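Examination of the molecular architecture
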Amino acid sequence: MNLISNTLFSIDLASYNSNISLQFYEAVVGIMEVLGKPNLADYFPLLQIMDPQGIRRRTKLFFEKLLDTFDGIITKRLQQKSSSTTVKDRQDLLDSLLNIIQLENHSELSLVDIKHMLLDLFVGGIDTTAKTLEWGMAELLHNPKKLSELKKELKEVEGEIQESDIHRLPYLQATIKETFRLHPPGPFLVPRKAESNVEIGGFKIPKDAQILVNVWAIGRDESIWENPERFEPERFLASKIDLKGRDFELIPFGAGRRTCPGLPLAQRMLHLMLASLVHSFDWKLAHGIQPNELDMTESFGLTLSKAQPLLAIPCL
């Protein structure tokens, strides 16, 4: 959360001793959970007014809590920018967006647009990145030989792992790709809408139909991947497949004009965080659980979570 909030606002929003931080994170996770649940009102429009599952009510509550926080941050930043005591811009995303409004007299961007853009980036970037990191660690602890191979590669780096080291760590890159293949953070991506009547694979899709792309199923398709259920980063070592939407076998961020805007940030964060965790510590599973006993059951929603959270103990 702090990596995202510092990129967007230059402030820390997370603290282990803060109730506000906990409530903020719970709101983000709550949004991902309620949006991922089947809603009867989507299938029976007459139920929308009644909201029998309380999904609309809870969603509104979560979003209002986050928007109120962003309102306060934006208001404070505008006051600082108008104050003569402000020495220089913070060079974060919020400052860049506010500068566009101030420099362009007829900017199409408004404060409301900024607030909702930040909301999209924040909600879309926290839970998805955290879940992918958890899955990466879980797969490595579930497959000790793969963990040893990655640790061996990382030992070649002197000192702390830096972002500039990532390009010369092929096994690390392969590990991240394999994690995305097996556990895409958004198993159905963001819903799309058909612009016209079309037939795909013998199925007729009417205009304006909502379309979900099952990237989870693509990543486990036996016609595309050999031994698709196995965690094998080696499959990517001699492969040119990347995550940028050009190879449709692996599109955890989507493809085309609607590719996830957080792709570059997520890639940098995941490589650096996973490498730092594996490089800095030796790990073991809590409660004496053996690697082959680790529960790898998935819990589906808007994001793909572990049914049982990973519990691991770092050793210096």
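Structural notes, computed from the coordinates.

**Considering the environment of Ile-73**
Mapped onto the secondary structure, Ile-73 falls in helix H4 (residues 55-82). Looking at Ile-73, the relative accessible area reads 13%, which means it is buried. Residues Ile-73 and Pro-309, 236 residues apart in the sequence, show an inter-C-alpha distance of 32 Å. Apart from residues no more than four positions distant in its own chain, Ile-73 is found in contact with Phe-9, Ile-11, Leu-13 and Leu-94.

**Looking at the nonpolar core**
In this structure, Leu-140, Leu-150, Leu-154, Leu-274, Val-278 and Leu-310 are the most contacted members of the largest nonpolar core, which totals 36 residues. Among the elements of the structure, helix H6 (111-142), helix H7 (144-154), helix H8 (170-182) and helix H10 (263-280) are those that each provide at least two residues to this core. Counting residues in hydrophobic clusters, the runner-up holds 28 residues, among them Phe-9, Leu-13, Leu-94 and Ile-126.

**Regarding the pattern of salt bridges**
Tallied over the entire structure, the rule returns 15 salt bridges. Linking Asp-71 and Lys-115 is a salt bridge whose minimum nitrogen-to-oxygen distance equals 3.3 Å. Pair noted here: Asp-71 is in helix H4 and Lys-115 is in helix H6, with a separation of 44 residues, a long-range link. Using a relative accessible area of 31% as the deciding quantity, one classes Asp-71 as partly exposed.

Thresholds, definitions, all that
Residues numbered from 1 in each chain as written. Predicted model: local features only at pLDDT ≥ 70, side-chain atom pairs only at ≥ 80, totals over all residues. Heavy atoms only, no water. Helix = DSSP H or I, 4+ residues; strand = E, 2+ residues; numbered from the N terminus. Buried < 20%, exposed > 50% of the residue type's maximum accessible area, 1.4 Å probe, protein only. Contact = heavy atoms within 4.5 Å. Core = buried A, V, L, I, M, F, W, Y, C linked by side-chain atoms within 4.5 Å. Salt bridge = Lys/Arg side-chain N within 4 Å of Asp/Glu carboxyl O.

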